[in-house]
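In case you want the letters, here they are:
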Amino acid sequence: MSDTFATPWALLIGSSFAFSGLFYHLYQEKKKEISQLKEIPKFQPNHHLLKILKASPHHRLQYVAVEGVIQPDGEPIASQFVPKCFGVVQKVIIQENWKVWNSVTNQWTDKTMNKKVTSNAVPFSLVSPGAYIPDTLLKVQSPLEASGDFLELVHKQRKFSQGGVVDAVLQGVSGERPVSQDVREEMLTVGKPLTAFGEVVLEYGEKISIHPPRDGRTYVLMAGDHRSFIQRHEGTAGWWKALAALCGITGSAVLAGLIYDATKGHGDRRK
């Protein structure tokens, strides 16, 4: 087999095994992450959590997961664009898309300008899923400081710019022209399930709250219940495992084919 013919196959085999190793490493890391997540104690806002907090030192749990349904403590936030859509956290993102003339390449290039993000939140709590009249509330503190995928896209719109002849002349002189404006509204809506990871504290009376951990661990809010959160991670791990197997099988199949062809060719020459 000539070097010119063998080099592409060698690159394919090497790349397949390299990607297989990379994907398997990501699979192992995700498995480790899932194992650590499952070790975090899980609760719901109910008397069981209240009882454990009363028995705990300093009436606090350093890092736990609590799942519940979102309930505003007062008036919720109304969506700016969607009727009868209410939430407790709102983020509105507005950005402008422009075309800028590049004198080097003599082409118009895309550029995002004047991005504006407005965030708003009102006090809210989590209640036990399925509770008709909730008797135990978990107040969620500092939601804007939390990381995680907990906001839902409720509105998305692109408005295209409409300019006249004068605007076109000015744009030609300045080398910049507006194309469109993107508007996005994301909300944490009322009545949706939410899982919070943080430090839970029993405060005066029987009021329970969750807030950013004092030990530096990540304060996380995730849309959905705890089970679906774990299942999403397991789904990602499954993809890494499947990709590792696919790349490994591909590399092995190509290598076996080349070995077979080389052996067959050597046998034919001996005849």
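Each remark here, short or long, concerns the structure printed above.
Numbers given for residues are sequential positions, taken from 1 along each chain in its written order. Local features are withheld for residues below a pLDDT of 70 in this predicted model, meaning they are given only at 70 or higher, and side-chain atom pairs are given and counted only at 80 or more; totals for whole chains, interfaces and linings count all residues. Neither water nor hydrogens contribute to the side-chain values; these are computed over all heavy atoms in the structure.

## Let's talk about the environment of F150
Point 1. For F150, the position within the fold is in the loop between β7 (137–140) and β8 (152–160).
Point 2. Type-normalised accessible area, obtained with a 1.4 Å probe on protein chains alone, sets the label of each residue: buried when under 20%, exposed when over 50%, and partly exposed for intermediate values. Note on F150: relative accessible area 9%, which makes it buried.
Point 3. Linking F150 and A223, residues 73 residues apart in sequence, is a C-alpha distance of 4.5 Å.
Point 4. In what follows, a contact means two residues having at least one pair of non-hydrogen atoms within 4.5 Å. Ignoring anything within four residues of it in the chain, the contact list for F150 reads V89, P143, M187, L188, L194, L221, M222 and A223. Numbered from the N terminus, helices here are DSSP runs of H or I no shorter than four residues, and strands are runs of E no shorter than two.

## Comments concerning the pairing of strand β2 (residues 60–72)
Point 1. Two strands form a pair only when DSSP identifies at least two bridges running between them. As defined by bridge partners, strand β1 (residues 42–43) adjoins β2 across two bridges and the pair is classed as parallel. Across the sheet, K42 pairs through a bridge with A65, a residue of β2.
Point 2. Call a crossover right-handed when, viewed with both strands pointing away from you, the route from the first strand across the helix to the second goes clockwise. With respect to chirality, the unit in which β1 leads through helix α2 (residues 47–55) into the neighbouring parallel β2 is right-handed.
Point 3. Of the strand pairs in this sheet, β2 and strand β10 (residues 193–202) are connected by eight bridges, and their pairing is antiparallel. Paired with R60 across the two strands is V201, which belongs to β10.

## Examining the side chain of Q90
Point 1. Inspection of the secondary structure puts Q90 in strand β4 (residues 86–102).
Point 2. Leaving out residues up to four positions away in the same chain, Q90 has contacts with I77, A78, S79, Q80, T118, S119, N120, E185, E186 and M187.

## Here's the deal with unusual backbone geometry
Note: most peptide bonds trans; most residues except glycine with negative phi.
Point 1. For H58, which is not glycine, the phi dihedral falls at a positive 60 degrees.
Point 2. Mapped onto the fold, H58 is located in the loop between α2 and β2.
Point 3. With phi around 55 degrees, N114 is a residue other than glycine that occupies positive phi space.
Point 4. You can see N114 is positioned in strand β5 (residues 107–121).

## Thoughts on the pattern of salt bridges
Point 1. The working definition used for a salt bridge is a side-chain nitrogen of Lys or Arg within 4 Å of a carboxyl oxygen of Asp or Glu. Inspection of the entire model under this criterion finds twelve salt bridges.
Point 2. Here E67 ties to K42 by a salt bridge, and the two come within 3.8 Å at their closest N and O atoms. Placement of the pair is E67 in strand β2 and K42 in strand β1, with a sequence separation of 25 residues.
Point 3. The class for E67 is buried, based on a relative accessible area of 9%.
Point 4. The structure contains a network of salt bridges with shared partners spanning R60, E199 and R214.

## A few points about α2
Given 3.6 residues per helical turn, the α-helix brings residues three or four places apart onto the same face.
Point 1. All of the buried residues in α2 are L49, L50 and L53. Along the long axis of α2, the arc covered by the buried residues comes to 100 degrees, so they all point the same way. Exposed positions of α2 whose direction lies more than 90 degrees from the buried face are K51 and A55.
Point 2. Buried residues in α2 make contact with β1, β2, β10 and β11 (208–211).
Point 3. Any pair of N or O atoms that falls within 3.5 Å is considered a polar contact. Within protein, one atom must be able to donate a hydrogen and the other to accept it, and sequence-neighbouring residues count only if both atoms are side-chain atoms. At the N-terminal boundary of α2, the capping side chain belongs to N46, with an oxygen 3.2 Å from the backbone nitrogen of H48. Here the arc refers to the set of directions running from the helix axis out to each C-beta atom.

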